[in-house]
Amino acid sequence: MTELLFLLLPLAFYSGWQAARKRYKAKNKNKVGKSETHFVKGINYLLNEQPDKALEFFLNHSAIDEYTAETFLLLGNSFRNRGEVDRALKVHQNLIARPKLSKHQKEAAMMALGKDFFAAGLLDKAESVFKELLDNNPKNGTEACQTLREIYEQLKDWHKAIDVTKCVSSENMNQTRITAHYYCELASQELENGNLYLVDDHLKQAKKSHKDSPRIEIILGDIATHEEKYSKAIKHYEAAIKADSRLLGMVFDKLINVSEKSSGIEQVYNFLIHYFKKSKDIDVLEYLLDLVHSHNPKQDTELHKIIEAELQTNKLSLQSILKSIKLLLKLAPKSEQNKELILLEKALENHIAGQLDFQCQHCGYKMNEYLWRCPVCHYWDTIAKI
Ligand SMILES: [Zn+2]
């Protein structure tokens, strides 16, 4: 695999270099010969798996024109894309230090350098590069704003993230949804600190950004729980689940907690069974089975019928199949429990043991709890139960 990745560097670089070469040739018919011959030597080092020699060769190349500047950018980006951030930094820092760069070349080099710092986890340095880019050219700052936003997300500096989001393109429909998340992060922090008046302010702003955000319902449920208004909390949690059933991963325990303190666990059972019949959402069925196993609410025969029908007609997850078998075994009289079903239960338990419950639908990363934002690809609202 490492060897394969290594091959990708010269290939990716070479195709980008060819494109730059064609563009430059079209503009400067008589000038490219010497420069091109020189650069082919550097590319040969890359193809011969000698990146340090290639790097030394390019960095010692004295003249910089439009063609070579673009080549430097490509080379550094290729290093960064395969995780060699130190080499990428060397290339881009070398380019920026050149005295005769045009304004456009300098901005492109700064952008690349900022991305190198970001990839290296040097967030304060990346922040200052992107802020400088933005100060120098606020009109074309969308890309700089986008990366600054990601930096502030990593730093959990939600106020700065909100500020910088204002300069990200308004054409991006996700932006309002993400801004609502930032306000919800602030609201949750203030709820933990007991500053309810500030929670209210942040939730109002979140609603302004994305009025249908189910996360707002969850925080309203948390506030009601904090105030011991359990029936109200249940309504908010149920509203969040109806808006997005994946949120059961976040709300299930909260809903059980408040129901136990008020109307009883049967309310959760009734809500889930009615909602499943209406939505036919397999995630809901899985939590319903969880509830039956963990809290044993009073049941009618309806769930039994649903399980039999779903096992025959639907593509259930292994977790759901295992929980269904457990329930069927529990409901069957001892004399009718057959050995084969118990064996299948054991086999599924062995198969599932140690598996994580949640997965990012964007990058595939698996985790053991529901999160609003994937810790790997950093996308929001992409986590679901496996
Ligand atoms: Zn992800």
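Residues numbered from 1 in each chain as written. Predicted model: local features only at pLDDT ≥ 70, side-chain atom pairs only at ≥ 80, totals over all residues.

1. Considerations on the overall build of the protein
For clarity, the threshold we go by: Each helix is a run of H or I in the DSSP string that is no shorter than four residues. Each strand is a run of E no shorter than two, and both are numbered from the N terminus. The exposure scheme places C-beta atoms from the backbone and then counts, for each residue, the other C-beta atoms within 10 Å of its own, assigning buried at 20 or more, exposed at 12 or fewer, and partly exposed in between. Residues are defined as contacting one another if the C-beta atoms placed from their backbone atoms lie within 7 Å.
Secondary structure summary: the protein contains 19 helices and three strands in total. Taken over 386 residues, the protein has a buried fraction of 32%. When contacts within the protein are restricted to residue pairs at least 6 apart in sequence, those whose partners lie at least 24 apart make up 50%.

2. A closer look at the nonpolar core
Spelled out, the test is: For the purposes of this analysis, a nonpolar core is taken to be any set of buried Ala, Val, Leu, Ile, Met, Phe, Trp, Tyr and Cys residues that are connected through C-beta atoms within 7 Å. Segment limits for the domains were obtained from an automatic or database-derived domain assignment.
Counting 74 residues, the largest nonpolar core has Ala187, Tyr237, Val251, Leu272, Val284 and Leu288 as the members making the most contacts within it. Among the domains, domain 1 (2-120) and domain 2 (245-353) are the pair contributing at least three residues each to this core. Those residues in contact with Val284 that sit more than four places away from it in its chain are Ser245, Leu248, Leu272, Tyr275, Phe276 and Ser279.

3. Structural notes on the packing of helix α8 (residues 142-154) against helix α9 (residues 158-165)
Using the following cut-off: All axes are obtained by fitting lines to C-alpha atoms, using only the stretch in contact for helices, and the reported angles, taken between N-to-C directions, cover 0 to 180 degrees. Comment on the angle field: the value is read as roughly parallel under 35 degrees, roughly antiparallel over 145, roughly perpendicular from 65 to 115, and oblique elsewhere. Definitions for this section: a left-handed crossing has its near helix turned counterclockwise from the far helix by less than a right angle. A right-handed crossing has that turn clockwise. Only Asp, Glu, Lys and Arg are considered charged, only Ala, Val, Leu, Ile, Met, Phe, Trp, Tyr, Cys and Pro nonpolar, and every remaining residue, Gly among them, polar.
Relative orientation of the contacting elements α8 and α9 amounts to 165°, with a least axis distance of 8 Å. With respect to each other, α8 and α9 are oriented roughly antiparallel. You can see that α8 and α9 cross each other, and the crossing is left-handed. Here Cys145, Leu148, Arg149, Tyr152 and Glu153 of α8 come into contact with α9, specifically with Lys160, Ala161, Val164 and Thr165. Residues belonging to the contact of α8 with α9 are distributed by class as follows: five nonpolar, one polar and three charged.

4. Description of unusual backbone geometry
For Lys280, which is not glycine, the phi torsion reads 55° and is therefore positive. Within the secondary structure, Lys280 sits in the loop between α15 (266-279) and α16 (282-295). Here Lys280 falls in the exposed class, since 12 other C-beta atoms lie within 10 Å of it. If you check the backbone angles, His378 has positive phi at about 65° while not being a glycine. Along the chain, the position of His378 falls in the loop between β2 (366-367) and β3 (383-385).

5. Quick notes on the confidence of the model for the protein
Spelled out, the test is: Within a predicted model, pLDDT stands for the predictor's per-residue confidence, ranging from 0 to 100.
Averaged over every residue, the pLDDT of the protein is 84; the share at 70 or more is 83%. Segment residues 1-6: pLDDT under 50, and two contacts once partners within four positions in sequence are set aside and those in other chains are kept.

6. Details of the environment of Lys211
For Lys211, the position within the fold is in the loop between α11 (196-209) and α12 (214-226). With 31 residues separating them along the chain, Lys211 and Ala180 place their C-alpha atoms 8.5 Å apart.

7. What about the sheet that holds β3?
What counts, and what does not: By definition, two strands form a pair when at least two bridges between them are found by DSSP.
Overall, antiparallel pairing links the three strands, which are arranged β2-β1-β3 in an open sheet. A single partner strand is all that each edge strand has here, and the edge strands are β2 and β3. Of the pairings in the sheet, the one linking strand β1 (residues 358-360) to β3 comprises three bridges and is antiparallel in character. From the neighbouring strand, Gln359 faces β3, where its bridge partner is Ala384.

8. A word on the environment of Trp158
Relative to the helices and strands, Trp158 resides in helix α9. The sequence separation of Trp158 and Leu186 amounts to 28 residues, and the corresponding C-alpha distance is 6.8 Å.

9. With respect to helix α10 (residues 174-193)
Formally: A helix is expected to span 1.5 Å multiplied by its residue count minus one.
Along its 20 residues, α10 runs 29 Å from first to last C-alpha, staying within 8% of the 28 Å computed at 1.5 Å per residue. Check the buried side of α10 and you find it contacts α9, α11 and α12. Looking one or two residues past α10, Gly194 carries a phi angle of roughly 80°, positive in sign.

10. Structural notes on α16
Taking 1.5 Å per residue, 14 residues should reach 20 Å; α16 reaches 20 Å between its end C-alpha atoms and fits that length. Those residues of α16 that fall on the buried side of the exposure criterion are Asp283, Val284, Leu285, Glu286, Tyr287, Leu288, Leu289, Leu291 and Val292. Buried residues along α16 sit against α14 (248-261), α15, α17 (302-313), α18 (318-331) and β3. Positive backbone phi, approximately 45°, marks Asn296, located one or two places after α16.

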